[in-house]
Amino acid sequence: MTDTRTEILHKNYEAIHRNGFQGVRADKVVAEMGITKGALYHYFPNKFDLGYAILDELLAPHYLKIWQPFERAEKNFGVVLLDVLESYRDFAKTDEEIKLGCPLTNLTQEMPPLDEGFRKRLHRITHQMQLQVETGLKNAQLAGEFKLDFNPTQTAFFYLSAIEGGFSVAKAMQSRAAFEMVIAQLKQFSEGLKV
(Lines give C-alpha, C1' and ligand atoms only; values in the text may rest on other atoms or scores of the structure.)
Protein backbone atom coordinates (compact mmCIF):
# COMPACT_ATOMS: atom_id res chain seq x y z
CA MET A 1 0.00 0.00 0.00
CA THR A 2 1.28 3.46 -0.92
CA ASP A 3 1.52 6.02 1.85
CA THR A 4 -0.06 9.46 1.49
CA ARG A 5 3.22 11.30 0.98
CA THR A 6 4.30 8.95 -1.81
CA GLU A 7 0.89 9.19 -3.44
CA ILE A 8 1.08 13.00 -3.36
CA LEU A 9 4.54 12.86 -4.95
CA HIS A 10 3.47 10.55 -7.76
CA LYS A 11 0.24 12.37 -8.62
CA ASN A 12 1.98 15.73 -8.68
CA TYR A 13 4.80 14.28 -10.77
CA GLU A 14 2.20 13.16 -13.32
CA ALA A 15 0.59 16.61 -13.26
CA ILE A 16 3.97 18.33 -13.70
CA HIS A 17 4.79 16.05 -16.61
CA ARG A 18 1.50 17.07 -18.27
CA ASN A 19 1.47 20.77 -17.41
CA GLY A 20 4.96 21.84 -16.35
CA PHE A 21 5.91 22.85 -12.83
CA GLN A 22 4.50 26.35 -13.14
CA GLY A 23 1.23 25.06 -14.58
CA VAL A 24 0.44 22.78 -11.64
CA ARG A 25 -1.71 23.66 -8.64
CA ALA A 26 -0.66 21.08 -6.09
CA ASP A 27 -3.69 21.84 -3.91
CA LYS A 28 -6.00 20.97 -6.81
CA VAL A 29 -4.09 17.75 -7.49
CA VAL A 30 -4.50 16.58 -3.89
CA ALA A 31 -8.14 17.69 -3.82
CA GLU A 32 -8.80 15.41 -6.80
CA MET A 33 -7.13 12.65 -4.79
CA GLY A 34 -9.47 13.26 -1.85
CA ILE A 35 -6.58 14.49 0.29
CA THR A 36 -6.80 17.72 2.25
CA LYS A 37 -4.65 20.74 1.63
CA GLY A 38 -3.49 20.37 5.23
CA ALA A 39 -2.04 16.94 4.45
CA LEU A 40 -0.22 18.40 1.45
CA TYR A 41 1.32 21.15 3.56
CA HIS A 42 2.15 18.70 6.34
CA TYR A 43 4.47 16.87 3.97
CA PHE A 44 5.51 19.75 1.72
CA PRO A 45 5.41 23.26 3.23
CA ASN A 46 5.41 24.82 -0.24
CA LYS A 47 5.26 23.93 -3.92
CA PHE A 48 9.03 24.16 -4.35
CA ASP A 49 9.64 21.64 -1.57
CA LEU A 50 7.26 19.31 -3.40
CA GLY A 51 9.14 19.87 -6.67
CA TYR A 52 12.50 19.25 -5.01
CA ALA A 53 11.20 16.00 -3.51
CA ILE A 54 9.97 14.88 -6.94
CA LEU A 55 13.42 15.53 -8.39
CA ASP A 56 15.32 13.93 -5.50
CA GLU A 57 13.08 10.94 -4.86
CA LEU A 58 11.54 10.10 -8.25
CA LEU A 59 13.45 11.58 -11.16
CA ALA A 60 17.06 11.25 -9.94
CA PRO A 61 16.83 7.53 -9.09
CA HIS A 62 14.93 6.82 -12.31
CA TYR A 63 17.35 8.58 -14.64
CA LEU A 64 20.52 7.46 -12.85
CA LYS A 65 19.39 3.86 -13.16
CA ILE A 66 19.40 4.10 -16.97
CA TRP A 67 23.16 4.33 -17.37
CA GLN A 68 24.17 2.10 -14.43
CA PRO A 69 24.62 -1.06 -16.53
CA PHE A 70 27.10 0.74 -18.80
CA GLU A 71 28.89 2.44 -15.92
CA ARG A 72 29.26 -0.87 -14.06
CA ALA A 73 30.04 -3.10 -17.04
CA GLU A 74 33.26 -5.10 -16.96
CA LYS A 75 33.11 -6.50 -20.49
CA ASN A 76 30.99 -6.45 -23.63
CA PHE A 77 30.79 -2.67 -23.39
CA GLY A 78 29.49 -2.27 -26.93
CA VAL A 79 26.58 -4.62 -26.31
CA VAL A 80 25.73 -2.95 -23.00
CA LEU A 81 25.87 0.51 -24.57
CA LEU A 82 23.52 -0.53 -27.37
CA ASP A 83 21.15 -2.06 -24.78
CA VAL A 84 21.10 1.22 -22.81
CA LEU A 85 20.36 3.21 -25.96
CA GLU A 86 17.64 0.74 -26.88
CA SER A 87 16.10 1.19 -23.42
CA TYR A 88 15.46 4.85 -24.21
CA ARG A 89 12.84 3.71 -26.73
CA ASP A 90 10.73 2.67 -23.73
CA PHE A 91 10.32 6.37 -22.89
CA ALA A 92 8.81 7.11 -26.29
CA LYS A 93 6.56 4.14 -27.04
CA THR A 94 3.22 5.93 -27.22
CA ASP A 95 1.91 9.08 -28.84
CA GLU A 96 1.10 10.40 -25.35
CA GLU A 97 4.73 9.98 -24.24
CA ILE A 98 5.90 11.82 -27.35
CA LYS A 99 3.33 14.58 -26.75
CA LEU A 100 4.43 15.08 -23.13
CA GLY A 101 8.18 14.73 -23.75
CA CYS A 102 10.92 13.71 -21.36
CA PRO A 103 10.24 14.89 -17.79
CA LEU A 104 13.92 15.64 -17.18
CA THR A 105 14.23 17.64 -20.41
CA ASN A 106 10.98 19.50 -19.77
CA LEU A 107 12.03 20.60 -16.28
CA THR A 108 15.54 21.45 -17.47
CA GLN A 109 14.07 23.79 -20.06
CA GLU A 110 11.52 25.31 -17.68
CA MET A 111 13.01 25.77 -14.23
CA PRO A 112 16.75 26.60 -14.00
CA PRO A 113 16.31 30.27 -14.93
CA LEU A 114 13.54 30.58 -12.34
CA ASP A 115 14.80 28.71 -9.27
CA GLU A 116 18.28 27.90 -8.01
CA GLY A 117 17.09 24.84 -6.08
CA PHE A 118 15.76 23.30 -9.28
CA ARG A 119 18.86 24.33 -11.21
CA LYS A 120 21.20 22.67 -8.71
CA ARG A 121 19.21 19.44 -8.61
CA LEU A 122 18.88 19.24 -12.38
CA HIS A 123 22.59 19.97 -12.74
CA ARG A 124 23.40 17.19 -10.26
CA ILE A 125 21.26 14.63 -12.11
CA THR A 126 22.64 15.58 -15.51
CA HIS A 127 26.23 15.69 -14.26
CA GLN A 128 25.90 12.28 -12.61
CA MET A 129 24.49 10.83 -15.83
CA GLN A 130 27.38 12.36 -17.78
CA LEU A 131 29.87 10.80 -15.34
CA GLN A 132 28.18 7.41 -15.69
CA VAL A 133 28.50 7.51 -19.47
CA GLU A 134 32.07 8.82 -19.25
CA THR A 135 33.06 6.07 -16.81
CA GLY A 136 31.64 3.39 -19.09
CA LEU A 137 33.48 4.83 -22.09
CA LYS A 138 36.79 5.05 -20.19
CA ASN A 139 36.42 1.50 -18.90
CA ALA A 140 35.69 0.28 -22.42
CA GLN A 141 38.88 1.97 -23.62
CA LEU A 142 40.92 0.50 -20.75
CA ALA A 143 39.53 -2.96 -21.51
CA GLY A 144 40.69 -2.58 -25.12
CA GLU A 145 37.13 -2.86 -26.46
CA PHE A 146 36.78 0.77 -27.61
CA LYS A 147 39.20 2.90 -29.61
CA LEU A 148 41.47 5.39 -27.86
CA ASP A 149 41.00 8.15 -30.45
CA PHE A 150 37.97 9.82 -28.83
CA ASN A 151 37.52 11.89 -25.69
CA PRO A 152 35.19 10.10 -23.21
CA THR A 153 34.09 13.34 -21.53
CA GLN A 154 33.11 15.02 -24.78
CA THR A 155 31.49 11.84 -26.08
CA ALA A 156 29.44 11.46 -22.89
CA PHE A 157 28.11 15.00 -23.34
CA PHE A 158 27.34 14.17 -26.97
CA TYR A 159 25.25 11.12 -26.00
CA LEU A 160 23.22 12.99 -23.38
CA SER A 161 22.74 16.05 -25.58
CA ALA A 162 21.62 13.96 -28.55
CA ILE A 163 19.15 11.95 -26.46
CA GLU A 164 17.63 14.90 -24.62
CA GLY A 165 17.60 16.92 -27.84
CA GLY A 166 15.90 13.99 -29.55
CA PHE A 167 13.15 14.09 -26.95
CA SER A 168 12.67 17.83 -27.55
CA VAL A 169 12.56 17.52 -31.34
CA ALA A 170 10.16 14.56 -31.16
CA LYS A 171 7.91 16.54 -28.81
CA ALA A 172 7.93 19.61 -31.05
CA MET A 173 7.26 17.54 -34.16
CA GLN A 174 4.92 15.11 -32.38
CA SER A 175 6.91 12.39 -34.09
CA ARG A 176 8.06 9.13 -32.58
CA ALA A 177 9.92 8.54 -35.86
CA ALA A 178 12.13 11.58 -35.16
CA PHE A 179 13.18 10.12 -31.81
CA GLU A 180 13.72 6.70 -33.37
CA MET A 181 16.11 8.28 -35.89
CA VAL A 182 18.17 9.82 -33.08
CA ILE A 183 18.50 6.47 -31.31
CA ALA A 184 19.34 4.69 -34.57
CA GLN A 185 22.06 7.25 -35.34
CA LEU A 186 23.51 6.98 -31.82
CA LYS A 187 23.63 3.21 -32.16
CA GLN A 188 25.45 3.54 -35.47
CA PHE A 189 27.87 6.06 -33.90
CA SER A 190 28.46 3.62 -31.02
CA GLU A 191 29.46 0.86 -33.41
CA GLY A 192 32.21 3.15 -34.66
CA LEU A 193 33.74 3.40 -31.18
CA LYS A 194 34.54 -0.30 -31.09
CA VAL A 195 38.03 -1.62 -31.80
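Residues numbered from 1 in each chain as written. Predicted model: local features only at pLDDT ≥ 70, side-chain atom pairs only at ≥ 80, totals over all residues. Heavy atoms only, no water.

The name recorded for the protein chain in an unreviewed UniProt entry is TetR/AcrR family transcriptional regulator, from Runella aurantiaca.

(A) Up close: the nonpolar core. Membership of the largest hydrophobic core comes to 60 residues, with the highest contact counts inside it found for Trp67, Phe70, Tyr88, Leu107, Met129, Leu137 and Phe146. Ranked by residue count, the leading element in this core is helix H4 (residues 47–66), at 11 residues. Looking at which domains feed residues into this core, each of domain 1 (1–44) and domain 2 (54–193) gives three or more. Setting aside residues up to four positions removed in sequence, Leu107 forms contacts with Ile16, Phe21, Leu55, Leu59, Pro112, Phe118 and Leu122. (Core = buried A, V, L, I, M, F, W, Y, C linked by side-chain atoms within 4.5 Å. Buried < 20%, exposed > 50% of the residue type's maximum accessible area, 1.4 Å probe, protein only. Helix = DSSP H or I, 4+ residues; strand = E, 2+ residues; numbered from the N terminus. Domains from an automatic or database assignment. Contact = heavy atoms within 4.5 Å.)

(B) A look at the UniProt feature "DNA-binding region" (unreviewed entry) in the protein chain. According to UniProt, the feature "DNA-binding region" (unreviewed entry) maps to residues 25–44 in the numbering used here. Structurally, residues 25–44 is divided into 75% helix and 0% strand, and its ends, taken at the C-alpha atoms, are 13 Å apart. (UniProt positions renumbered as here; feature names shortened; annotations may be inferred.)

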